[in-house]
Each structure stands twice: as C-alpha cells, then as structure tokens.
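# Observations on chain architecture
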Amino acid sequence: MITMVEMNNLIPATLLLLGALVLPLTPRAIRSALFLVFPLAAFMLLSRLESGTTVILQFLMYDLVVSRVDGLSLAFAYVFTLVAFLGGVYSFHVKDLGQQVAALLYAGSALGVVFAGDWLTLYVFWEIMAISSVWLIWSARNLRSSRAGMRYLLMHLFGGMVLLAGILWHIDQTGSLLFNALQPGGAAALILFGFAFNAAIPPLHTWLVDAYPEATITGSVFLSAFTTKAAVYVLARGFAGWEILVVAGTVMALYGVFFAFLENDIRRVLAYHIVSQVGYMVAGVGLGTEVAVNGATAHAFAHILYKGLLFMGAGAVLYATGRSKLTELGGIAADLPWVLFFYMVGALSISGFPLLSGFVSKALVIHAAELDHRSWIVLFLSVASVGTFLSVGLKLPYFTWFGSTTRSLRLNAVPPGMYIAMVLASVINLAIGVAPGILYRVLPFAVEYRPYTASHLLETIELLGFTGLAFWFLRGKLYGKATLTLDFDWLYRTAAPLLRQFLVMRVNQGFAFIETVALDAARLVSRASMNPFAIGLKPRYYDPDDDRSSIGVVLLVVIICFVVFLGWSYLRAF
C-alpha cells in the first residue's frame, strides 16, 4: 500500500515515461487502450501531490531537485496530463508504435520540465522533449515531413546548445544548480534565448509554422500543446517582470494574426495562431504581477484545450478529405456537420466568446495590463482578438465547410475516437467558460477577477459582432489564395546556398587541400627515410657502407653536446 509520503516522492513524469517503455512490450490490439492508462494515472497522482513538497537526489557534489511542487507547476501539469489523455483518445485508431511511444515521451518530458527544480533536470527533459516531438513530424513519412522534421530538429538542437551555454555560465557564476528567478546578465540572456526559441518568439518562430502542419494528423494535436507552453512555464518561473517580454508578447499577438490571415493551409493558419496566442502569455509573464502571471497561466491552460480542439477539427477534415488547403476544400458541411460544430467551439473559445474558456482566460491577461496602466497593450491585444476571430472563427470554417470546390470530394469516415476526443474537449472548454472558478482554483495565486461583468460582455459582443458583420459583407474578397507566404525563414532559406558555398564547400576544399599537402609531405619523408639519396639532381641508391658516417663523427657530436650542456649548467649556477 502506497502512503501519502510515498506518493509525494513519486515524479508524475515517470509514469508517462514508464508507459513509453511498456507499450513496445504490449500486444498491438490493446496498446491504444493502455496508452490512456498512463496519463490517467499521472492525473490521479497530481491530485494527491501537496504544494511545497520536493524530491531531491544526489548527483556528484550537487543536489538535484527533480520534483518541485507548487501552484505554478501544478497548473501546467494538470493541463498537460489532460491533453495527453485527450490526444490518446483522438489517436485511438492509430496503431503506429513509434507515434504512441513518442507521444508519451513528449508528454512525460513536458511534465518533467514543469516540475524540474534544477537546471540539469530541466535540460535533460528539455532535450527529450525536442527529440521525441520530431518523431511525430517524421511519422507522416513523406518528403515534406522528412525535410521539415530535420529543420525542426537542427533548429531545436541549436536552441538547446545556446540554453546549455547559458546554464553552464550561470552555474559557474552562482555555484548553484537551482532553477529560480534570474537576474539580468550574460548567462540569463543566453538562457532567455533558449527559452524564447521554444516559445516561438519572432524571429525564432519559423520552426513551428514550418513543421507543425507537416506532422501526422494526430501528432499535430500533441505538438500544439507541449513545446510552446512548457516554454511559457519556464519564462514565468525565471523571467517574470522582464519588460522585453511585454514587447515581445505584444508583437507576437499581432504578428501571428497577420500571417495567419495570409495562409491557405488550414493547419498552417492554426500554427500561426499558436504564435499569436502564446504572445498573450509572454506579455503576461513580462508584466510580472500576480494577476498577470495568473493570466498567462490561465491562458496557457485554456489555449492547450481549445487549440487542441481546433487541430482535432482540422485533422478530422484532413483525414476525411485528404486535403488541407482552403482553395481545395468546401461544400463538406453536410458531410461533416459535427466536426464543424466541435471546431466552432474551439474557434469561439480562441476568439474570446462568452461562456467558453478563452473568454475567461484572455480577459485575465488584458485585465492585468489595465491594472498596470498599459493602455497600448490592451489596445493591441484587443486588435489581435479581432484578427483571431476573423481568420480562425470566420474565414477558415466558412471556406472549409461552405466554400465551393471544382472537384468532388470522396470522404473517408472519421474514426469514433476523434469524435469522442472532440466532445470531451468541447465539454471542458464550455465548463471553464461557464464556471471560471474551475480554472481559477488551479492558478498559482488567488484570483479576485470576475469576467462576467456587463461592460465586459457588451464590449466583447460588440467587437465580435461587428467583426462578423464585416466578414459577411467582404467574404467574397477574403477567399483563400494559393500563394506563397514569405516569413523570416525566407532570409535563411535564400542565404542557405551562399552560406553552404562558403561554410561547407569552401571549408571542405580547404581541408582537402591540407590533406593532399600532408599526404605528399608524408610520402616525401617516407622516401627520404628509405633512401636519402633518392632526392636531388643526381639520385642514386643508398649504400650503408659508403654513406654511413664513421664512429668518430658520432662521438664528436656527442662530446660537443656534452660540453655545451656543462657550459650552460655552469653559467646558470652563477
């Protein structure tokens, strides 16, 4: 029987990591069902953990805090295990062992990050998160996913190296492995870069919109949940109150909305909106007040749920039609009405519609900005909300389900697990929207904010209502276009051939030249060693009897060296 003390010493991440080890040993027929057991067990463990408890292990001369339980870590852990379960239900029909193991490793490492109390533990889980997530991209098994996954992996390894350099510098300065709030400095700047990379702060965001749309249908649900939100957690833990994050977050909110509106691929639209919505969280972390950190945490919690639901809906469309372009879709509302319904729950949630989760989480971030008298942040985040509703809540569903297409579509039946997962995610989003206390109770600080005021409701309805009206009149000019959108990745993609020429080809040629010279020199020395007289104007064979020096010459050289050594020793003595 496990006591409460023993329960507190268990690390939730280990349950999911254990699942990744057990699944390969399990018969194929029951793997999908067994997958669900591990996030459920982790969630039950979380409900028994007491805030303030830690698990410390000895490593060399350091104490590793492999588990630190407090309000901030618990809030992220709850939603991570919840979405891991929903993702398992959504992918119940998938029998690909690689995807199932990678998903549990990915979710488990994300849990490891949010409970890590020291830099070494955090970094180990951080890298496992990068390596396991790329498998969900490669599992699509096509050329585009192969290339996108490789770019994703290389960029994350680069970000991880910068993070490691900052961690080592920080440990050298402080002599401590503990992961707590950081003070400005060179080490902190490198660590911030590593965290900002995973948070997809522009211009470090292109890996997200490049790779997520190329992942498997079910893999994109997991990808939308963990990497960027784990980054939000570590930013809240280490960089709360840093002004640069306020600016970066606000830019993200607008940047993602702008590029999402230009996109034609439905999963790429949603990927850009991850950038936008994470911007609200980063801005909240930058404000640094208790209300703002609550807002960032609440929005991360809600975002994981409604963004997962959006990717579920988009994935169901892709599964049924085999298409993901707005210009190739349309006219499927009668065939996939429930997918549309559940998608719209997520779309209205992300738009901040009353009675849904986004309304109570996004409002908390904006409320924190109002309390801090940051009117420009309030304005820009409100504008981003309009853009979100316009592209995700109106344009994407209209042209996906109701637009016209020139080719008839033969639809595949959507698996029951996909529908069940969408139902569960919709219910949770609705429950949080109707009863905000469900969410507010798990936040790191006490919440006094009340989202359902007359002024807030009226303002939201007016904003969304006029946006919907404008779309209806302009819908004929807002249809999707099969165009190429240029983002920051255009810079390094364009420069890649030139960099390859100078940093790869020229370097290889230089090494080849050095290698040739070294081999020629070695051959020359080898020939000279075998026959010194083979080199010169009149080469001849070496004759040991005629060409070898006499013993007298050798003795003379030895005596001269001995005299020089004695003279040098005598001079040193005086």
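Residues numbered from 1 in each chain as written. Predicted model: local features only at pLDDT ≥ 70, side-chain atom pairs only at ≥ 80, totals over all residues. Heavy atoms only, no water.

### Some thoughts on the pairing of strand β2 (residues 62-68)
On a regular strand, one side chain projects to one face of the sheet and the next to the other, so that they alternate. Most of β2 is tucked away, with 5 of its 7 residues classed as buried. Strand direction decides the pairing type here: strand β1 (residues 54-59) and β2, joined by 6 bridges, are antiparallel. Residue Ile56 lies in a different strand from β2, and its bridge partner there is Val65. The turn joining β1 and β2, which pair antiparallel and follow one another in sequence, is formed by 2 residues; a positive phi near 55 degrees is taken by Leu60. (Buried < 20%, exposed > 50% of the residue type's maximum accessible area, 1.4 Å probe, protein only. Helix = DSSP H or I, 4+ residues; strand = E, 2+ residues; numbered from the N terminus. Pairing = 2+ DSSP bridges.)

### Focus: the packing of helix α6 (residues 119-138) against helix α11 (residues 227-238)
Packing of α6 against α11 brings their axes to within 11 Å, and their N-to-C directions diverge by 160 degrees. Compared by their axis directions, α6 and α11 come out roughly antiparallel. Judged by the twist between their axes, the crossing of α6 over α11 is left-handed. Seen from α6, the contacting residues are Leu122, Trp126 and Met129; seen from α11, they are Thr227, Ala230, Ala231 and Val234. When grouped by side-chain class, the residues that make up the contact of α6 with α11 number 6 nonpolar, 1 polar and no charged. (Axes fitted to C-alpha atoms, helices over the stretch in contact; angles between N-to-C directions. Parallel < 35°, antiparallel > 145°, perpendicular 65-115°, else oblique. Left-handed = near helix turned anticlockwise from the far one by under 90°. Contact = heavy atoms within 4.5 Å. Nonpolar A, V, L, I, M, F, W, Y, C, P; charged D, E, K, R; others polar.)

### Concerning the packing of aromatic side chains
Summed over all chains, the structure comprises 30 aromatic pairs. With centroids separated by 4.6 Å and ring planes inclined at 50 degrees, the aromatic side chains of Trp119 and Phe179 adopt a geometry described as tilted. With a gap of 60 residues between them, Trp119 in helix α6 and Phe179 in the loop between α7 (143-174) and α8 (186-198) connect regions that are remote in the sequence. Residues Trp119 and Phe179 agree in their burial class; the two are buried. Connected via pairs of aromatic rings, a cluster forms that spans Trp119, Trp126, Phe179, Phe195, Phe239 and Trp242. The ring of Phe92 carries the charged tip of Lys95 above its face, separated from the ring centre by 5.4 Å. The residue whose ring lies beneath Lys395 is Phe261, and the NZ or CZ to ring-centre distance is 4.5 Å. (Phe/Tyr/Trp six-rings, centres within 6.5 Å; stacked < 30°, edge-to-face > 60°. Lys NZ or Arg CZ within 6 Å of the ring centre and 35° of its normal.)

### Focus: the side chain of Ser224
Mapped onto the secondary structure, Ser224 falls in the loop between α10 (219-223) and α11. By relative accessible area, which is 0% here, Ser224 ends up buried.

### Digging into unusual backbone geometry
For the bond running from Pro202 to Pro203, omega is 5 degrees, close enough to zero to count as cis. Along the polypeptide, Pro203 turns up in the loop between α8 and α9 (206-211). A positive phi angle, near 75 degrees, is found at Leu355, a position not held by glycine. With respect to the secondary-structure elements, Leu355 resides in the loop between α15 (337-350) and α16 (357-371).

### What to know about the nonpolar core
In this structure, Phe80, Phe195, Phe226, Phe239 and Trp401 are the most contacted members of the largest nonpolar core, which totals 160 residues. Top element by residues in this core is helix α14 (residues 290-321). It accounts for 17 residues. (Core = buried A, V, L, I, M, F, W, Y, C linked by side-chain atoms within 4.5 Å.)

### Topic: a nonpolar patch on the surface
Together, Val247, Val251, Trp376, Leu379, Phe380 and Val383 line one region of the surface with nonpolar side chains, adding up to about 490 Å² of accessible area. In terms of residue count, the dominant contributor to the nonpolar patch is helix α17 (residues 375-402) (4 residues). By the secondary structure assignment, Trp376 is in helix α17. (Patch = residues over 30% accessible without salt bridge, like charges linked within 9 Å, V, L, I, M, F, W, Y side chains within 5 Å. Areas by Shrake-Rupley, 256 points an atom, 1.4 Å probe, with all protein chains shown as cover. Salt bridge = Lys/Arg side-chain N within 4 Å of Asp/Glu carboxyl O.)

### Looking at the pattern of salt bridges
Applying the stated criterion to the full structure yields 10 salt bridges. Between Glu243 and Arg374 there is a salt bridge whose closest N-O contact spans 3.0 Å. Residue Glu243 is found in helix α12 (residues 243-262), and its partner Arg374 is found in the loop between α16 and α17; the two are separated by 131 residues along the sequence. By relative accessible area, Glu243 is classed as partly exposed at 40%. Arg268 is paired through a salt bridge with Glu263; the nearest N and O atoms lie 4.0 Å apart. Each member of the pair, Arg268 as well as Glu263, carries the same accessibility label: buried.

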